[in-house]
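# Residue-level structural notes
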Amino acid sequence: MKSSTIVVLLLLALNVMFCPWSMVQAQGLKDYYDDFLIGVALGRNFAMDEQVVKLVKQHFNSVTPENEMKWEVIHPKPDQYAFEKMDALVEFARQNNLKVIGHTLTWHSQTPRWVFENQDGSPLNREALLARMQEHIQTVLTHYKGKIWGYDVVNEALVDPSGESEEILRDSPYRKIIGDDFIEHSFRFAREADPDAELYYNDYNMANPQKRDNAVKLLQGLLAKGTPIDGVGLQGHWNIYDPSIEDIEAAIIAYHNLGLKVMVTELDVSLYKFDDHRNLYPESVPDSMLAVQAERYAALFTLFQKHHDKITRITFWGPTDRYSWLNNFPARGRANYPMLFDRQGAPKPAYDAVIRLREKE
Ligand code: 9MR
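Quick look at the structure, then. (Residues numbered from 1 in each chain as written. Predicted model: local features only at pLDDT ≥ 70, side-chain atom pairs only at ≥ 80, totals over all residues. Heavy atoms only, no water.)

### Some points on the nonpolar core
Formed by 107 residues in total, the largest nonpolar core has its most connected members in Tyr 201, Tyr 255, Leu 267 and Phe 316. Counting residues per element, this core draws most heavily on helix H11 (residues 287-306), at 9 residues. (Core = buried A, V, L, I, M, F, W, Y, C linked by side-chain atoms within 4.5 Å. Buried < 20%, exposed > 50% of the residue type's maximum accessible area, 1.4 Å probe, protein only. Helix = DSSP H or I, 4+ residues; strand = E, 2+ residues; numbered from the N terminus.)

Structure, rendered in structure tokens:
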């Protein structure tokens, strides 16, 4: 052994001896995968669970409000905004160096009916809905100026492709009242309100080849008109069977080729196919299934790392199995196990598999 190596080893040993363990910050996901942000969606009660707070501090450097910024929560009545829940999350994020993602500004779901109606219940006209949309975006983005890294500006505007129809946009109230250009307007209002925030289009099934082609068409059209859009979010509500790694890879490349940042914004890996309502693991899940899930997560993170030059963020849709929306969807109360951490917050085989990939390098 060279003498310089011996000196280095000695210094390391001294460092360990005199450094109290409490001062050593345990490594987390964000340290192993530092080419992109590692995010987590949190609900309003997250701070009540100490285990979750600890996990967030160790593993994540970005946070998305699971519901706290949706129109029905943050703007429940025409003349009433309710910022408290979101403010608390933003303050937690500031204290813990987490980049906050605003979710979401223009979405057909979790938006009150009054948004699209006059006081007498008749539908708003185009100008009035555009004005309402602008007022909402302006108010929210001004309130959080300098505190939010990026916004899912428009969420789920694409249809799920079905054989015959040529239609690519969902016939939401926004589209019915304003027309297809509601998307463009939403982005422009957001850029005007906060020029420093990144602006994203976010949707599910974005790796499905037909939906991917539709998304590319939509995004190309938006970019051609000079719409201020910085990135695209693939929600990543996937499972141990679908979609294929090849389809996900083709989608990442297709969106990147448009010049957009690519993100996986709502990652979870269900143990069930999408339309499977059975309840196979009500109490606990067999090791064999956890091993299958670990392999799937490893394949996904191998792909993400391969394309780290294109991907800017991977966000998990929930901190642990306990808090996943999939425990209530598509079957209410059916236990699912889609995250890297179990119900008690302990790392699962999937976590170990994802970390092992980086230790090998
Ligand atoms: O996780 C969210 C759940 O708590 C809500 O009840 C649900 C209501 O639509 O929304 C869930 O989050 C969705 C996200 O906002 C948009 N993409 C799909 C997510 C899962 O449904």
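### Topic: the packing of helix H6 (residues 126-143) against helix H8 (residues 182-193)
Look at H6 against H8: their axes get within 9 Å of each other, and the N-to-C directions meet at 35°. Seen along the crossing, H6 lies across H8 with a hand that is right-handed. Residue-level contacts link Arg 126, Leu 130, Met 133, Gln 134, Ile 137, Gln 138 and Leu 141 of H6 to Phe 182, His 185, Ser 186, Phe 189, Ala 190, Glu 192 and Ala 193 of H8. Here the contact of H6 with H8 is built from residues that sort into 8 nonpolar, 4 polar and 2 charged. (Axes fitted to C-alpha atoms, helices over the stretch in contact; angles between N-to-C directions. Left-handed = near helix turned anticlockwise from the far one by under 90°. Contact = heavy atoms within 4.5 Å. Nonpolar A, V, L, I, M, F, W, Y, C, P; charged D, E, K, R; others polar.)

### A closer look at the side chain of Thr 64
Within the element layout of this structure, Thr 64 appears in strand S2 (residues 62-65). Those residues in contact with Thr 64 that sit more than four places away from it in its chain are Val 40, Ala 41, Leu 42, Ile 101, His 103, Arg 313, Thr 315 and Trp 317.

### Observations concerning unusual backbone geometry
Cis geometry marks the peptide bond from His 103 to Thr 104, where omega comes out at 5°. Considering the arrangement of structural elements, one finds Thr 104 in strand S3 (residues 99-106). Here the amide bond leading from Phe 329 into Pro 330 is cis, since omega sits at 0°, within 30 degrees of zero. With respect to the element layout, Pro 330 can be found in the loop between strand S9 (311-316) and helix H12 (349-359). The backbone of Asn 97 sits at a positive phi, close to 55°, despite the residue not being glycine. Note on placement: Asn 97 falls in the loop between helix H5 (84-95) and S3. The exposure class of Asn 97 is exposed, given its relative accessible area of 67%.

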